[in-house]
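Each chain, letter by letter, is given below.
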Amino acid sequence: AQSVTQPDIHITVSEGASLELRCNYSYGATPYLFWYVQSPGQGLQLLLKYFSGDTLVQGIKGFEAEFKRSQSSFNLRKPSVHWSDAAEYFCAVATDSWGKFQFGAGTQVVVTP
Amino acid sequence: DVKVTQSSRYLVKRTGEKVFLECVQDMDHENMFWYRQDPGLGLRLIYFSYDVKMKEKGDIPEGYSVSREKKERFSLILESASTNQTSMYLCASSALDRGLNIQYFGAGTRLSVL
């Protein structure tokens, strides 16, 4: 069965520092992968997606993610974090042609001054 | 921009009440989804619908039902609310975008069952 693992439940990072959020997936075929962000009290907003081609994908808000098939990973990065990046981040994989997703448990990011 | 609107941001209901959560999307999307979100568990799929009057169970359908009478509206129904259904409920819709289904989410409804 498909699964998505986000090993870090909680990350604290200083403003201006770099950020990397880990995501590992288990999926038989070529995966369609996504990162979403959820600000407090809000729904989920799509940051970026991968389905083929260049393994380094750029998203909104200065985020990027790299797909590594050999490691079954799709880690999210940002070179310099802003206080507004404090949020919960979810990795997801599309699991069938109907567009169903399997989500990871999420990583809560806290940004300190 | 895609807009997915959930009718209530916060709801407080009593045990045993019948509860309706409404979701409307304005982009003519075929697929719609209901999730519940709990700390440490991420999003879990309750039901989804790929067409009007069509529905499929997700991972945790027990205690819930859904209705999709019109393409733009997808309702989640708690037949008899229980305290363990206190949660954040998220609605999403999706359509193919260059061969890829992308889900767009509403702001969520935080339901408390007392």
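Below or above, wherever it landed, is the structure these notes cover.

Rules used in this analysis
Residues numbered from 1 in each chain as written. Chains lettered and ligands numbered in written order. Predicted model: local features only at pLDDT ≥ 70, side-chain atom pairs only at ≥ 80, totals over all residues. Heavy atoms only, no water. Helix = DSSP H or I, 4+ residues; strand = E, 2+ residues; numbered from the N terminus. Rg over C-alpha atoms; globule rule 2.2 N^0.38 Å. Buried < 20%, exposed > 50% of the residue type's maximum accessible area, 1.4 Å probe, protein only. Lys, Arg positive; Asp, Glu negative; His and termini not counted. Charge placed at Lys NZ, Arg CZ, Asp CG, Glu CD. Disulfide = S-S within 2.5 Å. 1 Å grid on protein atoms, 1.4 Å probe; cavity = no way out; pocket = protein on both sides within 12 Å on 5 of 7 lines; lining within 4 Å. Points joined across faces, edges and corners; volume = space filled by probe spheres on them. Nonpolar A, V, L, I, M, F, W, Y, C, P; charged D, E, K, R; others polar. Pairing = 2+ DSSP bridges. Contact = heavy atoms within 4.5 Å. Core = buried A, V, L, I, M, F, W, Y, C linked by side-chain atoms within 4.5 Å. Buried area = accessible area lost by both parts, 1.4 Å probe. Polar contact = N/O pair within 3.5 Å; in protein donor to acceptor, adjacent residues only side chain to side chain.

## Regarding the overall build of chain A
- Helices and strands together make up the secondary structure of chain A, namely zero helices and twelve strands.
- In chain A, the succession of helices and strands from N to C terminus is β-β-β-β-β-β-β-β-β-β-β-β.
- For chain A, whose C-alpha radius of gyration is 13 Å, the value lies close to the compact-globule estimate of 13 Å for 113 residues.
- The proportion of buried residues among the 113 residues of chain A is 45%.
- Chain A carries 8 positive and 9 negative side-chain charges, and their two centres are separated by 5 Å.

## Side note on the state of the cysteines
Residue and element names in this part refer to chain A.
- All told, the structure shown has two disulfides over all chains when counted by the stated rule.
- Between Cys23 and Cys91 runs a disulfide, and the two sulfur atoms are separated by 2.0 Å. Here Cys23 and Cys91 share a disulfide; its torsion about the S-S bond, -65°, makes the bridge left-handed. Taken together, the residues span a long stretch of sequence, with Cys23 in the loop between β3 (19–21) and β4 (24–26) and Cys91 in strand β10 (residues 87–94) at a distance of 68 residues.

## So, the layout of surface pockets
- If you add up the space inside the largest pocket, you get close to 280 Å³.
- In terms of lining residues, the largest pocket is bounded by 20 residues, among which Gln38 and Glu88 of chain A together with Gln37, Pro39 and Arg110 of chain B are the most central.
- Elements that contribute at least two residues to the lining of the largest pocket include exactly β10 and β12 (107–112) of chain A together with β4 (31–38) and β9 (87–97) of chain B.
- Per-element tally for the lining of the largest pocket: the top contributor is β10 of chain A, with three residues.
- Within the lining of the largest pocket, the residues separate by chemical class into eight nonpolar, nine polar and three charged.
- Considering the residues around the second largest pocket, the lining is formed by 15 residues, among which Phe101, Gln102 and Phe103 of chain A together with Leu45 and Asp59 of chain B are closest to the centre.
- Looking at the lining of the second largest pocket, the elements with two or more residues in it are β11 (101–103) of chain A together with β5 (42–51) of chain B.
- Grouping the constituent residues of the lining of the second largest pocket by class yields seven nonpolar, four polar and four charged.

## Quick word on the pairing of strand β3 (residues 19–25) of chain B
Residue and element names in this part refer to chain B.
- Only one face of β3 is buried, namely the one carrying Val19, Leu21, Cys23 and Gln25, since none of Phe20, Glu22 and Val24 on the opposite face is buried.
- Note that strand β1 (residues 4–6) and β3 share three bridges and pair antiparallel. Bridge assignment links Thr5 to a residue of β3, and that residue is Val24.
- In terms of strand pairing, β3 meets strand β8 (residues 73–78) through six bridges, oriented antiparallel. Paired with Leu21 across the two strands is Leu76, which belongs to β8.

## Some details on the environment of Cys23 of chain B
All names here are of chain B.
- As for its position among the elements, Cys23 is in strand β3.
- Take Cys23: its relative accessible area is 0%, and that puts it in the buried class.
- Taking the C-alpha atoms as reference, Cys23 lies 10.0 Å from Arg68; in sequence the two are 45 residues apart.
- With residues up to four places along the chain from it excluded, the contact list for Cys23 reads Val4, Thr5, Met32, Trp34, Glu72, Arg73, Phe74 and Cys91.

## Comments concerning the nonpolar core
- Ranked by internal contacts, the top residues of the largest apolar core, which has 26 residues, are Trp35, Leu48, Phe74, Leu76 and Tyr89 of chain A.
- For this core, the secondary structure elements donating two or more residues are β2 (10–14), β3, β5 (32–38), β6 (44–50), β8 (64–68), β9 (73–78), β10 and β12 of chain A.
- Among the elements that line this core, the one with the most residues is β10 of chain A, at four residues.
- Leu76 of chain A has contacts with Leu19, Glu20, Leu21, Trp35, Leu47, Leu48, Phe63, Glu64, Ala65 and Tyr89 of chain A, leaving out every residue within four places of it along the chain.
- If you look at the next biggest cluster of nonpolar residues, it comprises 21 residues, including Tyr36 and Phe90 of chain A together with Leu90 and Phe105 of chain B.

## Quick look at the interface of chain A and chain B
- Opposite the 21 residues of chain A that make contact, chain B presents 22 residues.
- Each partner contributes to the roughly 1900 Å² buried at the junction of chain A and chain B, and carbon and sulfur atoms together form 62% of this total.
- The three residues of chain A that bury the most area against chain B are Trp98, Lys100 and Phe103 of chain A, which together make up 27% of that side's buried surface.
- Where chain A touches chain B, the interface holds four residue pairs in polar contact (both at pLDDT 80 or more).
- Among the elements that take part in the side of chain A that touches chain B, β5 of chain A stands out by supplying four residues, more than any other.
- Class assignment of the residues belonging to the side of chain A that touches chain B gives a composition of eleven nonpolar, seven polar and three charged.

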